[in-house]
Structure formats: C-alpha cells, structure tokens
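Breakdown of the fold
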Amino acid sequence: MIDLRSDTVTKPTQEMREASFHAEVGDDVYGEDPTVQLLEEKAAKMLEKEAALFVTSGVQGNQIAVLTHTNPGNEVILEEESHLFYYEGAAISAFAGVQPRTVKGNRGAMHPADVEAAIRPEDVHLPETGLVVLENTHNRAGGAVIPLETMRATYDVANRHGIPVHLDGARLFNAVAATGISAKEYAQCTDTVQICLSKGLGAPVGSIIAGSQEFINHARKWRKRLGGGLRQVGVVAAPAMIALTDMSKRLHEDHELAKEIEEGIKEAGFELAYPVETNIVIMDVAKTDMNAEQMVEKLEEAGIKAVPFGPTLVRFVTHFDITKQDIKILKKVFKSMKNAL
Ligand SMILES: *Cc1c(COP(=O)(O)O)cnc(C)c1O
C-alpha cells in the first residue's frame, strides 16, 4: 500500500529509534529530564522565543495556548476552515469556555482588515476578543503558505488592540521549506507558536509550543492540568530532536513529490482544487461521475491510500516514507482510472 493519507503515518527512522534507546532521562514533572530540556531549548532558539514546552500532540499544544491566552467568555478569531475550529472537537469551547468567531480567508489567509473588523469593541453586550489564531501552512486550504506580510499585518492589527496572536504552525517547517523564510521570521509575527514534530518531521510523538517565559510557565501548569505532565519522556524527546534539527531540512523532497502528483493529476485529465504549494495535494472529482468516497475506494483497490476531504475533494499528502517510485505508480493509476471512465 502506498499511504498518502497524511504525513503522520511515517515510522520512526533507525536513527530515531537508537536516539530513543540511548536517551538520558529523568522525571520531567520534576524538571529533571535533560533530553526534554535540550529539545525545549533548541526549539525556543529556532523560533527565537524565550521558552518552549514539549507537549503530547498538536491539539494539546493548541488547546494549552488557548487556555493560557484567554478567559472563559472571551471570543477567539479563527479562519473559517482552520484546524483549531474544524478538527479539534470544539475543544476551545469545551475546555477554555470561549466562543469561536470565524473569518473567511483567501486560501487560508484572513485579510488583516477582516480580522480588525471582527475584533469586538468595548460594550456590555459583547464578548471580549481574547485571541487571534493563524495557521501556516493551512491544511484545508491545501497546504497553502500564508504570506509573511499577511501575518505581520495581522499581528500589527492585533497588537494595536492589545490582543495576543497564536500560530498553529503544525506544518510551519513546510512553509519554511517552500519560501526560504526562516521559522524565526514567521514566529516574529505571533506571540506563541505550536509546531508538530510528528507530521512531516517524522517524530513518533510530540509537538512544541513556544512563547515568552511567562506564557510557558502558565502553559506548563495547563499541560499538567490536562494530564500532559510526563515522566521519563526523554525517550520521546530524543527522536523529536532529530525531527526538529535534521528532518526539517528535507521537506523540499516531499514538496517535489507533491508537485509530481499535481502533474500526474493534470496529465491524466483530472482536476485539482488548488495549485500545490507544499506537501498537500487536493484533487477535485466534481467533473467525474464519482464522488470523493468512491474515488478513494477506487484508489484503495489500486493500492493507494488517500482521504476524502469534502464531497468531491480527495487529499494526498507526501512524506518521508514516500518514494519517487511510489509516485510513478500513482501516476499510472490515475491514467488507467481516467481511461476506464
Ligand atoms: C495535525 C494538525 C494539528 C493537530 O496535531 P495532532 O498532533 O494531530 O494533535 C493542528 N493543526 C494543524 C494545522 C494540523 O494539521
């Protein structure tokens, strides 16, 4: 099976498994795991933030950020199809007691003027805007890169109103690989940032959140409240360190393969929902006699795994365990499917 469902399906490399085996560990709840400390220091440095915290998942990192930044009864501004709004089980409402206020973006990028218009004025009737959330790269917009200038302009708007900004950078390093703009530069346009080490970067487990020392002190407490305080977690932080430092440098390979998929879709006469920018490809089957579910089934019969991403959309994600040969096979599958239609 060629598994293109997500970049989360990668298996840890030999080097990661060995790093885990040899990791020096301690009880991280007592602040005594040296491997976790190294990882947190390295991540903070790469993102040019005062401090960082290793958390179990991207969702946990995002939720800790919302809990730390906001108060119950606040409103949070999010892009209409952002992961935090779309895919996190309404956790911001269930846990933080905040209300989402969605703004429609252009390929995932909210216009700074629309963000400003969504910020609540002081009025006894209204909730207070507690946070603005950005997502880069944007998953449901097909791995789109949010331009740095848009992020900066949004940050300026939020600063003017005294509202913090959180970046869901689950795939921030894909934006870095696509543009050559550093993670630091992106992180300068936001107060806090979450990055997933277990997506394209290939770690078995873990995310990082980074921000000011004060933010991280509070976040650490929220992590504990949520049951995310772990003990000898250096066994997981050691492979995560390899993900952060080495695997971040190879993401352009995934982007090249995604471009190949894009080419294969076009050559076979199928259509794309969006042009490919990073490692996510979204095919639109609206003009065929199949819906997304049927397309995914057909692909599965041919040995390809993908996911339905809407009634007529199918998502493919490239990652470390996908080879050029796999994509050649996929291209042939597209052609034979088109011929059979
Ligand atoms: C995957 C993802 C997350 C959540 O990460 P998990 O590790 O699956 O909890 C958050 N935001 C975006 C944009 C993602 O793609």
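Computed from a predicted model, the values in this text were never measured in an experiment. Here, residues in each chain are numbered from 1, in the same order as that chain's written sequence. Reporting of local features is limited, given that this is a predicted model, to residues whose pLDDT is at least 70; pairs of side-chain atoms are given and counted only at 80 or more, and all residues count toward the totals for whole chains, interfaces and linings. As a convention, hydrogens and water are excluded, and side-chain values are obtained from all of the structure's heavy atoms.

By convention in this text, a residue qualifies as near a molecule or strand provided that one of its non-hydrogen atoms is within 4 Å of it. Within the structure, the ligand sits among Ser-57, Gly-58, Val-59, Asn-62, His-83, Glu-88, Glu-135, Asp-168, Ala-170, Arg-171, Cys-196 and Lys-199. Arg-171 places a side-chain nitrogen or oxygen 3.0 Å from an oxygen atom of the ligand. Residue exposure ignores everything except the shown protein chains as possible cover, and the areas themselves are Shrake-Rupley values with a 1.4 Å probe. Taken by itself the ligand offers 380 Å² of open surface, and the protein chains cover 85% of this. Counting from the N terminus, the helices are DSSP H or I runs at least four residues long and the strands are E runs at least two residues long. With 3 residues, the top contributor of residues to the shell around the ligand is helix 3 (residues 58-69). Among the residues making up the shell around the ligand, the classes are represented as 3 nonpolar, 4 polar and 5 charged. Under the rule applied, a polar contact is a pair of N or O atoms within 3.5 Å (in protein, one hydrogen donor and one hydrogen acceptor; residues adjacent in sequence only if both atoms are side-chain atoms). Gly falls in the polar group here, along with every residue not listed as nonpolar (Ala, Val, Leu, Ile, Met, Phe, Trp, Tyr, Cys, Pro) or charged (Asp, Glu, Lys, Arg).

Bringing the sheet that holds strand 12 (residues 307-308) into the picture now. Ordered in space as 9-10-13-12, the 4 strands form an open sheet in which the pairing is antiparallel. Taken across any chain shown, the strands that pair with only one partner, and hence form the sheet edges, are strand 9 (271-272) and strand 12. Where strand 10 (residues 280-284) lies against strand 13 (residues 313-317), 5 bridges are found, and the strand directions are antiparallel. If you follow Val-281 over to strand 13, its bridge partner there is Phe-316. Here a strand pair is declared whenever DSSP counts at least two bridges between the two strands.

To continue, consider the UniProt feature "domain: Aromatic amino acid beta-eliminating lyase/threonine aldolase" (unreviewed entry) in the protein chain. According to UniProt, the positions carrying the feature "domain: Aromatic amino acid beta-eliminating lyase/threonine aldolase" (unreviewed entry) are residues 3-287. The distance separating the terminal C-alpha atoms of residues 3-287 is 25 Å; by composition the span is 41% helix and 15% strand. UniProt positions are given in the numbering used here, feature names are shortened, and annotations may be inferred rather than shown by experiment.

A few words now on the pairing of strand 6 (residues 165-168). Residue exposure (1.4 Å probe, protein chains only): buried if accessible area is under 20% of the type maximum, exposed if over 50%, otherwise partly exposed. Here strand 6 shows no split at all, with Val-165 and Leu-167 on one side and His-166 and Asp-168 on the other all buried. Note that strand 5 (residues 129-135) and strand 6 share 4 bridges and pair parallel. Looking at the pairing, Val-132 lines up with Val-165 of strand 6. In the classification by handedness, the crossover that spans strand 5, the intervening helix 7 (residues 148-160) and the parallel strand 6 is right-handed. A crossover gets the label right-handed when its path from the first strand over the helix to the second runs clockwise, viewed with the strands pointing away from the viewer.

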